[in-house]
Amino acid sequence: MNLTTYHLIAYEVGTDSEALNWPNVVPTRRFHRGDVIDEGDAQWQVVGVRNTSTEQLWLIDVKKVVKV
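Cut-offs used in this document
- Residues numbered from 1 in each chain as written.
- Predicted model: local features only at pLDDT ≥ 70, side-chain atom pairs only at ≥ 80, totals over all residues.
- Heavy atoms only, no water.
- Helix = DSSP H or I, 4+ residues; strand = E, 2+ residues; numbered from the N terminus.
- Rg over C-alpha atoms; globule rule 2.2 N^0.38 Å.
- Buried < 20%, exposed > 50% of the residue type's maximum accessible area, 1.4 Å probe, protein only.
- Phe/Tyr/Trp six-rings, centres within 6.5 Å; stacked < 30°, edge-to-face > 60°.
- Lys NZ or Arg CZ within 6 Å of the ring centre and 35° of its normal.
- Pairing = 2+ DSSP bridges.
- Axes fitted to C-alpha atoms, helices over the stretch in contact; angles between N-to-C directions.
- Salt bridge = Lys/Arg side-chain N within 4 Å of Asp/Glu carboxyl O.

Participant: Would you take a moment to explain the overall build of the protein for this structure?
Facilitator: Within the protein, the secondary structure is distributed over zero helices and five strands. Along the protein, helices (α) and strands (β) appear in the sequence β-β-β-β-β when read from the amino end. For 68 residues, the compact-globule formula gives about 11 Å, and the C-alpha radius of gyration of the protein, at 12 Å, lands near that figure. Across its three principal axes, the protein shows a C-alpha extent of roughly 35 × 20 × 20 Å. Of all 68 residues assigned to the protein, the portion counted as buried reaches 34%.

Have a look at this one:
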């Protein structure tokens, strides 16, 4: 499949609340365990990719880390 964009949803570990919801992400970058995502004043570390993820919908679990 040749995607032009995908949808990324990140859930905070422990609370399972939605931390990030980014539609239309260019597929040049997929976030995986260990990656760090900067979002405004927050920084999130990816702790895992959910096994229900698809090429069009990427579901990850993240934890908030101290931004340095």
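From this point, things continue past the structure.
Participant: Is there a simple way to explain the packing of aromatic side chains in this structure?
Facilitator: For any pair of aromatic rings, the description rests on two quantities: the centre-to-centre distance and the angle between the ring planes. One pass over the structure, following the stated rule, counts one aromatic pair. The ring of Tyr-6 carries the charged tip of Arg-30 above its face, separated from the ring centre by 3.9 Å. It is Arg-30 that lies over the ring of Trp-58; its NZ or CZ is 4.7 Å from the centre.

Participant: Please explain unusual backbone geometry as it appears in this structure.
Facilitator: Most peptide bonds adopt trans geometry, and most residues besides glycine take a negative phi value. Phi is positive for Asp-16, close to 55°, though the residue is something other than glycine. Its place among the elements puts Asp-16 in the loop between strand S1 (6-12) and strand S2 (18-25). Residue Asp-16 is classed as partly exposed on the basis of its relative accessible area of 49%. Here Asn-24, not a glycine, exhibits a phi torsion of approximately 60°, which is positive. Along the chain, Asn-24 falls in strand S2. On the basis of relative accessibility, which here comes to 58%, the residue Asn-24 falls in the exposed class.

Participant: I tried to follow the sheet that holds strand S3 (residues 36-39) on my own but got confused; where do I start?
Facilitator: Think of a sheet as strands paired side by side through backbone hydrogen bonds, with each pair either parallel or antiparallel. Here we have five strands laid out as an open sheet, ordered S2-S1-S5-S4-S3, and mixed in their pairing. Looking at strand neighbours, the two that pair on one side only are S2 and S3, the edges of this open sheet. Averaged over all adjacent pairs, the angle separating strand axes in this sheet is 35°, with direction ignored.

Participant: Whenever I open this one, the pattern of salt bridges confuses me. Can you help?
Facilitator: Side-chain pairing between opposite charges can occur once the charged atoms of the two side chains come close. Under the definition given, this model contains three salt bridges. For Asp-16, the salt bridge identified is with Arg-50, shortest N-O distance 2.5 Å. Within this pair, whereas Asp-16 is found in the loop between S1 and S2, its partner Arg-50 is found in the loop between strand S4 (42-49) and strand S5 (57-65), the two being separated by 34 residues in sequence. Here Arg-50 makes a salt bridge to Asp-61, at a shortest N to O gap of 2.9 Å.

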